[in-house]
Amino acid sequence: MIREIVRDPLFLSQPSAPAQREDIPIAMDLLDTLEAHADHCVGLAANMIGCSKNIIAIQAGPIRIAMLNPVILKHSAKSYTTEEGCLSLPGERTTARYSSIEVRYQDLKLRRQRQKFSGFTAQIIQHEIDHCQGILI
């Protein structure tokens, strides 16, 4: 189901709770909502659709991936400064991002995954994990 995007900074600045099996429909809604905004959006966090759960969805090339309880395990020493926009907030802001990251998460079947990402995909994941932690740039 496509959900409305939340734009309330007070709600978005609250850290999210861990995702559980019963939260899988939220992940599915995130994927649907990401697809609906595909022309101008590459990632969403569950709080952006009104659910304070640690779930993100990203566009990684041609595929969309939902991640439950994502955690950055490692990151490169190299970082860079970039400008990012967000569906929930107007304008763009400057932020620092790591060039590559290693992430542990659960997939839609709650299987543990561990994967390395770099470049723009790593940047998207870092932005959405920030959302889950209540960090707004």
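The structure this text deals with has already been given above.
One numbering rule holds for all chains: residues counted from 1, following each sequence as written. This being a predicted model, a pLDDT of at least 70 is required before a residue's local features are given, and a value of 80 or more before pairs of side-chain atoms are given or counted; all residues contribute to the totals for chains, interfaces and linings. To get the side-chain values, take all heavy atoms of the structure and skip hydrogens and water.

Attention shifts here to the pairing of strand β2 (residues 55-60). A regular strand carries its side chains on alternate faces of the sheet. Between buried and exposed lies partly exposed: a residue is buried under 20% and exposed over 50% of the maximum accessible area for its type, with that area taken using a 1.4 Å probe on protein chains only. Working definition: helices are DSSP H or I runs of at least four residues, strands are E runs of at least two. Numbering for both runs from the N terminus. Counted residue by residue, β2 has six buried out of six residues, so it is predominantly covered. With burial as the criterion, each face of β2 is covered, one bearing I55, A57 and Q59 and the other bearing I56, I58 and A60. Two strands make a pair as long as DSSP finds a minimum of two bridges between them. Pairing analysis gives three bridges linking strand β1 (residues 43-45) to β2, with the strands arranged antiparallel. Its bridge partner being in β2, G43 is matched across the sheet by I58.

Take helix α3 (residues 119-132) next. Expected span of a helix, by definition, is 1.5 Å for each gap between consecutive residues, and there is one gap fewer than residues. Helix length check: α3 (14 residues) gives 21 Å between terminal C-alpha atoms against 20 Å at 1.5 Å per residue, within 8%. Among the 14 residues of α3, twelve are classified as buried, and the element is accordingly described as predominantly covered. Within α3, the full set of buried residues consists of T121, A122, Q123, I124, I125, Q126, H127, E128, I129, D130, H131 and C132. The positive-phi residue at the C-terminal boundary of α3 is G134, with phi of around 80°.

Where strand β6 (residues 100-106) lies against strand β7 (residues 112-118), seven bridges are found, and the strand directions are antiparallel. Within β7, the residue paired with V103 across the bridge is Q115. Following β6, the chain reverses through five residues before pairing antiparallel with β7; L110 in that reversal takes a positive phi of roughly 65°.

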